[in-house]
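# Examining the three-dimensional arrangement
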Amino acid sequence: MRLRKLIAAAGIATTVAGFGLVNAGEASAFGADCQHNSHAICLYYNSSAYGYGAYFKQTDNISDYSGYTFSSGLNGSAGAGSAVKNGAAAIDSWYGGNFVVYYNSGYNCSYACQTISGYAPVTDLNGSLKNNNASGSFN
């Protein structure tokens, strides 16, 4: 699945570059902020319906997202500077194993958590976790 995503992106980039139609607005629509890191996930400020916006790249387990903020990225700047804790709406996995997003800090799944499978395409967080994410771990 991830291979098809990469092939499609490469084909689009080649076509656009070949016709000389690249500009900053169009190029950003095809970007994946974590694609060059095999052990990373990206949390996005917006869901897919709103174009993802700012991102936060995670490469290690984080037991509490307090103090972390979203950055402008290839999918825009909406949400840049906002808190990651209780601010994410979607996730993109460029990691081979599962990644778990938790409602509570400390990897506590007593209320809600969502497992994202390895190399999953961008996935909107479920209703319990959208804008209610407190921690995340690689499994």
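The numbering scheme is per chain: residues are counted from 1 as the chain's sequence reads. Reporting in this predicted model follows two pLDDT cut-offs: at least 70 for local features of residues, and 80 or more for side-chain atom pairs to be given and counted; totals over whole chains, interfaces and linings ignore these cut-offs and use all residues. As a rule here, side-chain values cover all heavy atoms of the structure and leave hydrogens and water aside.

### What to know about the overall build of the chain
- A run of H or I in DSSP counts as a helix once it spans at least four residues, and a run of E counts as a strand once it spans at least two, with each numbered from the N terminus. In terms of helices and strands, the chain carries two helices and seven strands.
- Here, Shrake-Rupley sampling with a 1.4 Å probe gives the accessible areas, and only protein chains in the shown set may cover a residue. Within the structure as shown, the chain displays about 7,000 Å² of accessible surface, and the carbon and sulfur contribution to it stands at 54%.

### Concerning the pattern of salt bridges
- Here, a salt bridge means any side-chain nitrogen of Lys or Arg that lies within 4 Å of a carboxyl oxygen of Asp or Glu. Applying the stated rule across the entire model yields one salt bridge.
- For the salt bridge of Lys-85 with Asp-64, the shortest nitrogen-to-oxygen distance reads 3.1 Å. In this pair, Lys-85 sits in the loop between strand 2 (55-58) and strand 3 (90-93) while Asp-64 sits in the loop between strand 2 and strand 3, placing the two residues 21 residues apart along the sequence.
- Exposure classes here rest on a 1.4 Å probe applied to the protein chains alone. A residue is buried below 20% of its type maximum, exposed above 50%, and partly exposed in between. Relative accessible area serves as the criterion here: at 31%, Asp-64 is assigned to the partly exposed category.

### Here's the deal with the confidence of the model for the chain
- One number per residue, pLDDT, summarises how confident the predictor is, and it ranges from 0 to 100. For the chain, mean pLDDT is 82; residues scoring 70 or higher make up 77% of the total.
- Low pLDDT, under 50, characterises residues 4-30; the predicted model gives this stretch 15 contacts beyond four residues in sequence or across chains. Only heavy atoms matter for contacts: two residues are in contact if any of them lie within 4.5 Å across the pair.

### Some remarks on the sheet that holds strand 7 (residues 135-138)
- Overall, antiparallel pairing links the three strands, which are arranged 5-4-7 in an open sheet. Looking at the sheet topology across the chains shown, the edges are occupied by strand 5 (113-116) and strand 7. Between one strand and the next, the sheet's axes are offset by a mean angle of 15 degrees, whatever the strand orientation.
- Summarising the sheet, strand 4 (residues 99-102) and strand 7 pair through four bridges and their orientation is antiparallel. We call two strands paired when DSSP finds no fewer than two bridges between them. Helix axes use the C-alpha atoms of the stretch in contact, all axes being lines fitted to C-alpha atoms, and the angles between their N-to-C directions lie in the range 0 to 180 degrees.

### Description of the side chain of Gln-114
- With respect to the helices and strands, the residue Gln-114 is situated in strand 5.
- Among the polar contacts made by the side chain of Gln-114, one reaches the main-chain amide nitrogen of Asn-126 at a distance of 2.8 Å.
- Excluding residues within four positions of it along the chain, Gln-114 makes contact with Phe-99, Val-100, Val-101, Thr-123, Asp-124, Leu-125, Asn-126 and Leu-129. Each polar contact in these results corresponds to two N or O atoms within 3.5 Å; when the atoms are within protein, one needs to be able to donate a hydrogen and the other to accept it, and residues that are neighboring in sequence are counted only if both atoms are side-chain atoms.

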